[in-house]
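# Structure assessment
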Amino acid sequence: IVPALLEHYQVTVIDLPGMGRSPLPGGDYDLDYVIQHVLAVAPARAVWMGWSLGGEIATAIAARHPERVLALLLVASNPSFAQREAWPCAMPSQQLQQFRDFYEEDPEGTLIRFLSLQCRGSRRMKEDIRFLQEIMYLQGLPAPQALRAGLRLLAELDVRADFQRLTQPVQIVLGANDVLVPASLAQALAALKVTLAEQSIQVLAQSGHAPFLAEPTAFLRLALPFLVANVG
């Protein structure tokens, strides 16, 4: 979707520390660490789009540094990826722990399996998996420390309180067939008491965990009006 967005806007694509082309600075790899390094390279003020774990991080940034975030587009992202009390619309904690255990035994195999789960439920699953694998190997495998920390953050982060404090317009896009972030999350998010001025939740019927890959045209049909409304 980046080429289509570049026709209208300046786009900044940020890899998390130790992922893609991003270096891995020293320090404890926790939420504050990630926020610090992401803000250091982000525009002074922008609409933020966060996918999956990136959506949790973008939510925390929008709540804690609202002067940096005009509006928030959350894609296949759950404020708590792990199931918790009164929050069943998430992954079982034991499933997340299995990924962490499997990673220690077979890092690359676990990463490939995770990519496959991200694309499950897509109407073009094989093409999407191939695309993500090509990107992953083109950019280089994540630093092991960063990947371990990312899996830990997925299991431990709970930014529901940050979500409830948001004051910016928020658009949420989910995949109906997502096996990592269930579409039932839509009802749970709508039920949260929030202070934000505007919230829209859309579910793409033929998408898994990567709606922008599975249904790019439909995704842009949702995203572009939101950007126009909040940027111009």
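Scroll up to find the structure this text is about.
I will try to describe carefully the structure that is included in this document. Think of each chain on its own: its residues are numbered from 1, step by step along the sequence as written. Only residues with pLDDT of at least 70 get local features here, since the model is predicted, and only at 80 or more are side-chain atom pairs given and counted; chain-wide, interface and lining totals rely on the full set of residues. No hydrogens and no water enter the side-chain calculation; it runs on all heavy atoms of the structure.

## Some details on the overall build of the protein
This is how the line gets drawn: A run of H or I in DSSP becomes a helix once it reaches four residues, and a run of E becomes a strand once it reaches two; helices and strands are each numbered from the N terminus. C-alpha atoms define the radius of gyration in this analysis, and the globule rule sets the expected value at 2.2 Å times the number of residues to the power 0.38. For the exposure calls, accessible area comes from a 1.4 Å probe over protein chains only, and a residue counts as buried if that area is under 20% of its type's maximum, exposed if over 50%, partly exposed in between. Computed with a 1.4 Å probe, the accessible areas rest on the Shrake-Rupley method; for each residue, only the protein chains presented here act as cover. In this tally Asp and Glu are treated as negative and Lys and Arg as positive; neither His nor the chain ends contributes. Lysine's charge is taken at NZ, arginine's at CZ, aspartate's at CG and glutamate's at CD.
If you tally the helices and strands in the protein, you get 11 helices and 4 strands. In terms of C-alpha radius of gyration, the protein reaches 17 Å, essentially the compact-globule figure of 17 Å for 232 residues. If one aligns the C-alpha atoms of the protein with their principal axes, the spans along those axes are about 45 × 40 × 40 Å. Buried residues in the protein amount to 48% of all 232 residues. As displayed, the protein has an accessible area near 11100 Å², and 54% of this comes from carbon and sulfur atoms. Taking the 18 positively charged and 22 negatively charged side chains of the protein as two groups, their mean positions are separated by 4 Å.

## Observations regarding the sheet that holds strand β4 (residues 199-204)
Threshold: Only when DSSP finds a minimum of two bridges between them are two strands counted as paired. Throughout, an axis means a line fitted to C-alpha atoms (over the contacting stretch in the case of helices), and angles, computed between N-to-C directions, take values from 0 to 180 degrees. Working rule for contacts: check all heavy atoms of both residues, and any pair within 4.5 Å makes them a contact.
Strands sit in the order β1-β2-β3-β4 across an open sheet of 4 strands; the sheet is parallel. The open sheet has two edge strands, β1 (46-51) and β4, and neither has a second partner. Geometrically, the sheet is characterised by an average inter-axis angle of 15° between neighbouring strands, direction not taken into account. Bridge analysis of strand β3 (residues 170-175) against β4 gives 6 bridges, and the strand direction is parallel. Bridge pairing in β4 places Leu174 opposite Val203. Contacts between helix α11 (residues 216-230) and the sheet are confined to β1, β2 (69-75), β3 and β4, with β2 contributing the most and set at about 170° to the helix.

## Some remarks on the packing of helix α2 (residues 31-41) against helix α3 (residues 53-64)
Any two packed helices are characterised by the angle at which their axes cross and by the distance between the axes. Definition in use: Throughout this description, any angle smaller than 35 degrees is read as roughly parallel, any larger than 145 degrees as roughly antiparallel, any in the 65 to 115 degree range as roughly perpendicular, and the remainder as oblique. When residues are sorted by character, Ala, Val, Leu, Ile, Met, Phe, Trp, Tyr, Cys and Pro go into the nonpolar class, Asp, Glu, Lys and Arg into the charged class, and all the rest, Gly among them, into the polar class.
Where α2 contacts α3, the two axes come as close as 10 Å, and the packing angle between them is 75°. Here α2 is positioned roughly perpendicular relative to α3, judged by the angle of their axes. Of α3, the residues touching α2 (which contributes Leu31, Asp32, Val34, Ile35, Val38 and Leu39) are Ile57, Ala60, Ile61 and Arg64. Looking at side-chain class alone, the contact of α2 with α3 contains 8 nonpolar, no polar and 2 charged residues.

## Things to note about the packing of aromatic side chains
Here is the rule: Aromatic rings from Phe, Tyr and Trp, taking only the six-membered ring of Trp, are treated as a pair when their centres fall within 6.5 Å; an angle between ring planes under 30 degrees marks them as stacked, one over 60 as edge-to-face, and anything in between as tilted.
Using the criterion set out here, one finds 4 aromatic pairs in the structure. Centre to centre, the rings of Tyr29 and Tyr33 are 4.9 Å apart; their planes meet at 35°, and the pair counts as tilted. For the pair Tyr29 and Tyr33, a shared accessibility class is recorded, and that class is buried. Each ring, one from Trp51 and one from Phe212, has its centre 5.0 Å from the other, and the planes form 85°; the classification is edge-to-face.

## Things to note about unusual backbone geometry
Within the chain, Ser52 stands out as a residue other than glycine whose phi angle is a positive 60°. Tracing the backbone through its elements, the reader meets Ser52 in the loop between β1 and α3. Of the residues examined, Ser52 reaches a relative accessible area of 10% and is grouped as buried. One non-glycine residue with positive phi stands out, namely Ala86, at about 65°. Its place among the elements puts Ala86 in the loop between β2 and α4 (93-105).

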